[in-house]
Amino acid sequence: PTSVACVRQAIQDFGSRGDLNIEVISADHQNKPDVGSNIARQWFDRDGVDVIVDVPTSSVALAVAGVVKEKNKVYLNSTAATADLTGSACSPNTVHWTYDTYMLAKSTGGAMVKAGGDTWFFLTADYAFGRALERDTANFARNAGGRVVGQVRTPFPGTTDFSSFLVQAQASRAKVIGLANAGGDTINCVKQAAEFGITRRGTKLAALLMFINDVHGMGLQTAQGLVCTETFYWDLNDRTRAFTNKVKGGLGANMPAMSHAGCYASVLHYLKAAADMGAQAAKASGADAVARMKAMPTDDDCFGQGKIREDGRKIHPAYLFEVKKPEESKGPWDYYKLLQTTPADEAFRPLAEGGCSLVRS
């Protein structure tokens, strides 16, 4: 619902321009690639949809990206993390906006090794996203002189009890337990690790993908001290605060995370490109619309100025945050303190290393 609200905000901010008539529909893919693919085909073949936005869960995103390319439509990914979307599975019809496994691994994983966390045990959600995040973080840890002493993969979806996996991780004596999962899985892992007293014994938890909404769900008492990377934080600067003040009235008790901000920013930029080329031309070829998006510099209140590379990767800074202690927070949703910023030109995988067929050597 928050993603949909942010898309509607983008349409409102874009305003009425040219011959664009914009309608928003939504559906639940249930974290199942076949369900996501079927929804995409139905939308394209029956309902006249031109653009698909968001698509959490990497396995679903990869499946949907294939359908979008086949139908020559547009896919604006915000919430699926696999860097393969701009690597081996890149497409002229896909833009990968908000974050990916390479960036998360470099920012969070690299920082943990520099801080002395040189032995790692991975607790990994067993699907495309989790495996990619484990792979990329392990590579950064090893390149920085660290070691991976073990890993365990948990069934996804459906795992809620992580106690036996956490016991395995603790028994490895790793200094860092890397949580290569997201959402409810991350929340359950952190809560259960706190119940077992794992962090009190000196072991660090690295939440390799965590959103501010997860912190809110856990509470600062449980989440304090966790380190995570986001590319948007509502209280980062004047522009992020301005965006949040506009959209929060439609979010109920929620607040936007980077995933929701990516939906806003990617749709806003698409609409600018579609208006620039004309609605009929944008509808006629998704690949042409994405090419126009790549040709235009990006600028929005969530991410500031940036660009889209030829592999479809949106480029902007990444921010490493630490969750505040309860006594450090000044009020609701005041949860992060900024540790470091990775500049836009360093945050994501180098263009030549992804293996994308769209990149000319």
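For the structure itself, look to the data block above.
Here the residue numbers are simple positions, counted from 1 along each chain's written sequence. Residue-level local features of this predicted model are given only where pLDDT is at least 70; pairs of side-chain atoms are given and counted only at 80 or more, and the full residue set underlies all totals for whole chains, interfaces and linings. Think of the side-chain values as coming from all heavy atoms in the structure, minus any hydrogens and water.

**Considerations on the pattern of salt bridges**
The test is simple: A pairing counts as a salt bridge when a side-chain nitrogen of Lys or Arg comes within 4 Å of a carboxyl oxygen of Asp or Glu. A helix here means a DSSP run of H or I that spans at least four residues, while a strand means a run of E at least two residues long, and both kinds are numbered starting from the N terminus.
All chains considered together, the criterion is met by 21 salt bridges. With its nearest N and O atoms 2.8 Å apart, the salt bridge here joins Asp-301 to Arg-239. Placement of Asp-301 in the loop between β9 (298-300) and β10 (304-308) and of Arg-239 in helix α10 (residues 238-247) is noted, with a sequence separation of 62 residues between them. Each of Asp-50, Lys-73 and Lys-283 takes part in one network of salt bridges that share partners.

**Brief notes about the environment of Arg-147**
The line we're drawing: Summary of the burial criterion: residues with accessible area below 20% of their type's maximum are buried, those above 50% are exposed, and those between are partly exposed, where the area comes from a 1.4 Å probe applied to protein chains only. Only heavy atoms matter for contacts: two residues are in contact if any of them lie within 4.5 Å across the pair.
Within the secondary structure, Arg-147 is located in strand β5 (residues 147-154). Given a relative accessible area of 51%, Arg-147 falls into the exposed group. With near-sequence residues (within four places) excluded, Arg-147 lies in contact with Asp-118, Thr-119 and Trp-120.

**A closer look at helix α13 (residues 286-295)**
Residue pairs spaced three or four apart in an α-helix point in one direction, given the helix's 3.6 residues per turn. Operational definition: This arc is built from the directions going out from the helix axis to the C-beta atoms.
Every buried residue belonging to α13 is among Gly-286, Ala-289, Val-290 and Met-293, and all of these are buried. All buried residues of α13 project into a common sector of 95° when viewed along the axis, lining one side. In this structure, the buried residues of α13 make contact with β2 (74-77), β3 (94-96), α11 (258-277), α12 (279-284) and β10.

**Section: the packing of aromatic side chains**
Just so we agree on the cut-off: Within 6.5 Å between ring centres, the rings of Phe, Tyr and Trp (the latter by its six-membered ring) count as paired, and their orientation is classed by plane angle as stacked under 30 degrees, edge-to-face over 60, tilted in between.
Inspection of the entire model under this criterion finds 15 aromatic pairs. Ring geometry for Phe-232 against Phe-243: centres 5.8 Å apart, planes inclined by 85°, an arrangement best described as edge-to-face. Here the residue Phe-232 occupies a position in the loop between β8 (227-230) and α10, and Phe-243 occupies one in helix α10, the gap between them amounting to 11 residues. Per residue, the accessibility class of Phe-232 equals that of Phe-243, and both read buried. Ring centres of Phe-243 and Tyr-264 lie 4.6 Å apart, and the angle between their planes is 50°; this geometry places the pair in the tilted category. Of this pair, Phe-243 sits in helix α10 while Tyr-264 is found in helix α11, placing the two residues 21 residues apart along the sequence. For the pair shown, Phe-243 and Tyr-264 are each scored as buried. Counting every residue linked through ring pairs, the aromatic cluster contains Tyr-233, Trp-234, Tyr-319, Phe-321 and Tyr-336.

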